[in-house]
Amino acid sequence: MAMKNKNSKSLMAIGIAAISIGAISCSETPAPFIGAWEGTNPIDMTAKMPGAKSALETISIDFINNQQSTEGEITLYSDFDIICPVLVKGMVPADSCNVSFSANAIVKGTWNHDVDDHDDLLINYDYSTIEVKIDNSSIKNVPAIELTQSQTDSLSTIFKLEIETTFRNNLTRLSTMEDIKVSKDGKTMSLEVKGPKYDLRFKRLEM
């Protein structure tokens, strides 16, 4: 009888160990959204940039996992394509023209699951990591009139400040990512942000 109890306890211990191992294995499975994603639908930011004639922002995201798949790091990238009227000394007529340019911004932070909805992520951005770069070679007059190096440098400085302000303001609405859905093949992802409501779509970047 004692032997039977001992065997029963051993079997029970094995069963508990198996359950524990299974639980650990499940928790270590990366969430389907983990990885690098490139945005496929630009956001119209014209209303968010006073004076701009056209402003498009394309967002890309890199989610990094922790061992428990409960939280991790995030890097968010934004590519901007802008057309705006500017005053440039020496330009005619009336020293004004439309200028197009491209820029990119980056910020790092951390993500964790919303306890009230596991399909939602709460993002905490580290604003000290924000970097903004203007592609000076992209600064063009519309219609095309050659800009001097001095004019290009001056515009780049102004544009950098405007982009950083817009980028910082937009991070508020990107601090909650809702209804994250990854396709069965793992190649596409969609999520929703609010303020106003907007659906973002992505394609997975291959390693």
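Keep in mind that what you see is a predicted model, and the values were worked out from it rather than measured.

Participant: What should I look at first to understand the pairing of strand E1 (residues 35-39) in this one?
Facilitator: Each regular strand carries side chains that alternate between the two faces of the sheet. Relative to strand E3 (residues 54-65), E1 runs antiparallel, the two being bridged by three bridges. Each residue of the ladder has a partner; that of Trp37, found in E3, is Ile61. Two elements, E1 and strand E10 (residues 198-204), share three bridges in a ladder whose sense is antiparallel. Counterpart to Glu38 in the pairing with E10 is Lys203.

Participant: Teacher, can you tell me more about the layout of surface pockets here?
Facilitator: The probe, sized like a water molecule, is rolled over the atoms to show the empty space still left. In this structure, the largest pocket spans a volume of roughly 170 Å³. Around the largest pocket sit 14 residues that line it, and Pro50, Cys84, Pro85, Phe159 and Glu162 are the ones nearest its centre. Listing elements by their share of the lining of the largest pocket, those giving two or more residues are strand E4 (71-87) and helix H2 (149-171). The residue inventory of the lining of the largest pocket, partitioned by class, reads eleven nonpolar, two polar and one charged.

Participant: Just to check I follow, could you spell out the pattern of salt bridges for this structure?
Facilitator: Where side chains of opposite charge bring their charged atoms close, a pairing between them can arise. A full pass over the atoms with the stated rule returns four salt bridges. The salt bridge partner of Glu38 is Lys203, with a shortest N-O separation of 3.5 Å. Pair noted here: Glu38 is in strand E1 and Lys203 is in strand E10, with a separation of 165 residues, a long-range link. Since its relative accessible area comes to 31%, Glu38 is described here as partly exposed. For the salt bridge of Lys197 with Glu192, the shortest nitrogen-to-oxygen distance reads 3.8 Å. A relative accessible area of 11% means that Glu192 is categorised as buried.

Participant: I tried to follow H2 on my own but got confused; where do I start?
Facilitator: In an α-helix, one full turn covers 3.6 residues, which means residues spaced three or four apart are oriented alike. Relative to the 33 Å expected for 23 residues at 1.5 Å per residue, H2 spans 32 Å between its end C-alpha atoms, a close match to the ideal helical length. Residues Gln151, Thr152, Leu155, Ser156, Phe159, Ile163, Thr166, Phe167, Asn170 and Leu171 constitute the buried set of H2.

Participant: Quick question: what am I supposed to make of the environment of Trp111 here?
Facilitator: Within the element layout of this structure, Trp111 appears in strand E5 (residues 96-114). In the structure, Trp111 is positioned ten residues away from Leu121 in sequence and 6.4 Å away in space, judged by C-alpha atoms. Within polar-contact distance, the side chain of Trp111 engages the backbone oxygen of Ile64 at 3.0 Å. Among the polar contacts made by the side chain of Trp111, one reaches the main-chain carbonyl oxygen of Glu73 at a distance of 3.4 Å.

Participant: How do you make sense of the nonpolar core when you look at a structure like this?
Facilitator: The tendency in soluble globular proteins is for nonpolar side chains to be buried side by side. The biggest cluster of nonpolar side chains holds 46 residues, and the ones touching the most others in it are Phe63, Leu76 and Met177. Taken together, the elements giving at least two residues each to this core come down to E3, E4, E5, strand E6 (117-134), H2, strand E8 (176-182), strand E9 (188-193) and E10. When residues of this core are assigned to their parent elements, the largest contribution, seven residues, is made by E5. Setting aside chain neighbours within four positions, we find Leu76 in contact with Ile59, Ser60, Ile61, Ala105, Ile106, Val107, Tyr125, Phe167, Leu171, Leu174 and Met177.

Participant: Sorry, what's going on with the side chain of Gln151 here?
Facilitator: Examined against the element boundaries, Gln151 turns out to sit in helix H2. With relative accessibility at 14%, the residue Gln151 sits in the buried group. Among the polar contacts made by the side chain of Gln151, one reaches the main-chain amide nitrogen of Thr148 at a distance of 2.9 Å.

Participant: Sorry if this is basic, but what is going on with the confidence of the model for the protein chain here?
Facilitator: Where the model shows low pLDDT, its predicted coordinates should not be examined in detail. Averaged over the protein chain, the pLDDT score is 82; the fraction of residues at 70 or greater is 78%. This stretch, residues 8-27, has a pLDDT under 50; its non-local contacts, to residues over four places away or in other chains, come to three contacts.

Participant: Please clarify how the packing of aromatic side chains should be interpreted in this entry.
Facilitator: Centre-to-centre distance and the angle between the planes together describe a pair of aromatic rings. In the structure shown here, the tally under the stated rule is three aromatic pairs. Ring geometry for Phe33 against Phe63: centres 5.0 Å apart, planes inclined by 75°, an arrangement best described as edge-to-face. Residue Phe33 is found in the loop between helix H1 (2-27) and E1, and its partner Phe63 is found in strand E3; the two are separated by 30 residues along the sequence. Grouping residues by exposure puts Phe33 and Phe63 together as buried. Judged by centre distance (5.1 Å) and plane angle (80°), the rings of Phe33 and Trp111 are edge-to-face. Pair noted here: Phe33 is in the loop between H1 and E1 and Trp111 is in strand E5, with a separation of 78 residues, a long-range link. Among the residues examined, Phe33 registers a relative accessible area of 6% and is labelled buried. Taken together, Phe33, Phe63 and Trp111 form an aromatic cluster joined through their ring pairs.

Rules used in this analysis
Residues numbered from 1 in each chain as written. Predicted model: local features only at pLDDT ≥ 70, side-chain atom pairs only at ≥ 80, totals over all residues. Heavy atoms only, no water. Pairing = 2+ DSSP bridges. Helix = DSSP H or I, 4+ residues; strand = E, 2+ residues; numbered from the N terminus. 1 Å grid on protein atoms, 1.4 Å probe; cavity = no way out; pocket = protein on both sides within 12 Å on 5 of 7 lines; lining within 4 Å. Points joined across faces, edges and corners; volume = space filled by probe spheres on them. Nonpolar A, V, L, I, M, F, W, Y, C, P; charged D, E, K, R; others polar. Salt bridge = Lys/Arg side-chain N within 4 Å of Asp/Glu carboxyl O. Buried < 20%, exposed > 50% of the residue type's maximum accessible area, 1.4 Å probe, protein only. Expected span 1.5 Å × (residues − 1). Polar contact = N/O pair within 3.5 Å; in protein donor to acceptor, adjacent residues only side chain to side chain. Core = buried A, V, L, I, M, F, W, Y, C linked by side-chain atoms within 4.5 Å. Contact = heavy atoms within 4.5 Å. pLDDT = per-residue confidence, 0-100. Phe/Tyr/Trp six-rings, centres within 6.5 Å; stacked < 30°, edge-to-face > 60°.

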